[in-house]
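Results of the structural survey
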Amino acid sequence: MFCYQCEQTSQATGCTAFGVCGKDPDTAALQDLLMQICKKISEKAHAKRLAGEATREADLFVTEGLFTTVTNVNFDPKDIAGIISRGVALLKELGGEWELPDTLDGLISQGEKVGIESRMTSLGEDITGLQELILYGLKGTAAYADHAFVLGKEDDSVYAFFHEAMAFLLNPAPTVDELVALTLKVGEVNLTVMGLLDAANTGTYGHPVPTPVRITPVKGKAILVSGHDLKDLEILLKQTEGKGINIYTHGEMLPCHGYPELKKYPHLVGNYGGAWQDQRSEFEAFPGAILMTTNCIQKPKENYKARIFTTGLVQWPGVEHIGEEKDFTPVIEAALAAEGFAETEEEKTILTGFGHNAVLGVAPQVIDAVKSGALKHFFLIGGCDGAKPGRNYYTDFAEAVPDDCAILTLACGKFRFNKLDFGDIGGIPRLLDMGQCNDSYSAIQVAIALAEAFECGVNDLPLSMILSWYEQKAICVLLTLLHLGIKDIKVGPTLPAFITPTVLQVLIDNFNIAPVTTVEDDMKECLGA
Ligand code: FSO
Ligand code: SF4
């Protein structure tokens, strides 16, 4: 196997014997094969679309296929083999050809032949790296598109682009310039998709409002919901009403507490634990059932395997999967059979719910604070958390932010420092949690509005972006920021292995993007000191 799509890749170069994430070589080969089949489907669908024909099935298949292969989503080789069979049938319907082996081993050996390494030899590392950058950006965008789709929002131009881009990845001789242009186009389309998802979330559940979220347990039976899917949480909240079970969010589900149509449920009591990479000890200690709605799942420990459930596209072999009918009865039964929390601990809270609507609602105060000099600089410390060492940088950076500056947070990286007390500036909290990774859309809206208010460009604002990446959603968000022409972004904890020195130079020349260095030096640079 060879996989280098996430930040924790082995030796910072690529997982070859086994995935650091727990992905085995068979699953890796099947994921590579699924991507190849998706590219072939897209090639046919792109041609059909140019001829004015409908491609609905291909649109949904490729979107789900991309999301399925995001890091920490689907580790089940049998399930992926089933998706491949459906893909091959669809490809044939579209007029394509593919010899489908009738054994799992046959599929695996086919997958081994279409992996990244085969292209590295023929196309070189720069071209392959750029192709993978595009593919990973598409995977992240597809994840967001799928979330929006679940809530009834989609955009045909997005599917058209998925097919065009995936088909281009079959081009046997692409140039660096063509691939760089396509990379930025992924960022543009991802902005559209994040906007769709924002409209889906806020249209269904209302605009988030600043909300204190309890982070200490309440006595009683409990279910912990992790992942990113708001609708799954809502369905579970409805199915548990009046059953004496308290619902807790985990990781990227924390911002759900800010949405009026979710926070109205009294049994949505709080958030438990931190970011995804701490789940094995946190789930072990959690005295109830656990529901994973999307990434990031890690190999479950035996002692909680019977009380963890997956739904949507996330799967782990041997873990009970709740299908599309979304009947969460097994989760509820597991929660009732578990001990639950024995005591209610003293209440402690953290704040969330500062989406674009909430922040722009206090825009006049923010603008006055900036004009008077009371609020000197904004730091967007956004992105994923992860297990590798070096991520203390983000905690240290947040702690080093001067008292007259505000911090905006996004995604699960915030758990490194969101329980610290940052105080406020004239009533405006210094730490404003804008939501999940896809709520980068909110940060962009706020930045654009501030730039308009100050009659300057976004790059001229007193705003610095310090990003942490782990998986492919962070990649598509980064591409959106580059598409918007945002410069001087700092990325860590390490740069992606698929960004070769040549490609990095292109990013530096055009966007002055830089890896994080030391807190002291980066802070000085951001503040222009
Ligand atoms: Fe984190 Fe995982 Fe949300 Fe990612 S839980 S790492 S960027 O899935 O998508 O932030
Ligand atoms: Fe390795 Fe990341 Fe790929 Fe998993 S997703 S195999 S950890 S590079």
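Structure shown above.
Anyway, here's the lowdown on the structure attached to this text. (Residues numbered from 1 in each chain as written. Chains lettered and ligands numbered in written order. Predicted model: local features only at pLDDT ≥ 70, side-chain atom pairs only at ≥ 80, totals over all residues. Heavy atoms only, no water.)

1. Overview of the side chain of threonine 409
- Take threonine 409: it is sitting in strand β10 (residues 405–410).
- You can call threonine 409 buried: its relative accessible area is 0%.
- Once you skip the residues sitting within four places of it in the chain, threonine 409 turns out to touch Ile381, Lys414, Phe417, Leu431, Leu432, Asp433, Met434 and Gly435. (Helix = DSSP H or I, 4+ residues; strand = E, 2+ residues; numbered from the N terminus. Buried < 20%, exposed > 50% of the residue type's maximum accessible area, 1.4 Å probe, protein only. Contact = heavy atoms within 4.5 Å.)

2. Quick word on the packing of aromatic side chains
- Considering all chains together, one arrives at 17 aromatic pairs under this definition.
- Each residue in the set Phe2, Tyr4, Tyr136, Trp469 and Phe498 is aromatic and connected to the rest through ring pairs, giving one cluster. (Phe/Tyr/Trp six-rings, centres within 6.5 Å; stacked < 30°, edge-to-face > 60°.)

3. Some points on the packing of helix α7 (residues 156–168) against helix α8 (residues 176–205)
- Viewed as axis vectors pointing N to C, α7 and α8 meet at an angle of 155°, and their least axial separation amounts to 11 Å. Judged by the inter-axis angle, α7 sits roughly antiparallel to α8. For the element pair α7 and α8, the recorded crossing hand is left-handed. The residues of α8 that touch α7, namely those facing Val158, Phe161, Ala165 and Phe168, are Glu178, Leu179, Leu182, Lys185, Val186, Val189, Thr192 and Val193.
- Each residue belonging to the contact of α7 with α8 can be placed in one class, and the counts come to 9 nonpolar, 1 polar and 2 charged. (Axes fitted to C-alpha atoms, helices over the stretch in contact; angles between N-to-C directions. Parallel < 35°, antiparallel > 145°, perpendicular 65-115°, else oblique. Left-handed = near helix turned anticlockwise from the far one by under 90°. Nonpolar A, V, L, I, M, F, W, Y, C, P; charged D, E, K, R; others polar.)

4. Quick look at the site of ligand 1
- Close contacts around ligand 1 come from His228, Glu252, Trp276, Asn295, Cys296, Cys384, Ala411, Cys412, Cys437, Tyr470, Glu471 and Lys473, and that covers them all.
- A distance of 2.9 Å is found between an oxygen atom of ligand 1 and a side-chain nitrogen or oxygen belonging to histidine 228.
- For ligand 1, an oxygen atom lies 3.0 Å from a polar atom in the side chain of glutamate 252.
- Looking at side-chain class alone, the shell around ligand 1 contains 7 nonpolar, 2 polar and 3 charged residues.
- Residues lining the shell around ligand 1 come from more than one domain, with at least three contributed by each of domain 2 (212–337) and domain 3 (355–527). (Near = heavy atom within 4 Å. Polar contact = N/O pair within 3.5 Å; in protein donor to acceptor, adjacent residues only side chain to side chain. Domains from an automatic or database assignment.)

5. Focus: unusual backbone geometry
- Look at the link from asparagine 295 to cysteine 296: it is a cis peptide, with omega at 15°.
- Note that cysteine 296 resides in the loop between β5 (289–292) and α12 (302–305).
- With a phi close to 65°, asparagine 72 is a non-glycine residue in the positive phi region.
- Assignment of secondary structure puts asparagine 72 in the loop between α2 (56–68) and α3 (77–93).
- Assessed through its relative accessible area of 2%, asparagine 72 is described here as buried.
- For glutamate 455, which is not glycine, the phi dihedral falls at a positive 50°.
- Tracing the backbone through its elements, the reader meets glutamate 455 in the loop between α17 (440–453) and β14 (463–468).

6. Regarding the nonpolar core
- Ranked by internal contacts, the top residues of the largest apolar core, which has 160 residues, are Leu138, Ile223 and Ile489.
- In this structure isoleucine 489 touches Met465, Leu467, Leu478, Leu481, Leu482, Asn512, Ile513 and Ala514, once residues within four positions along its chain are discounted.
- One finds Phe397, Phe417, Met523 and Cys526 within the second-largest nonpolar core, a separate group that totals 17 residues. (Core = buried A, V, L, I, M, F, W, Y, C linked by side-chain atoms within 4.5 Å.)

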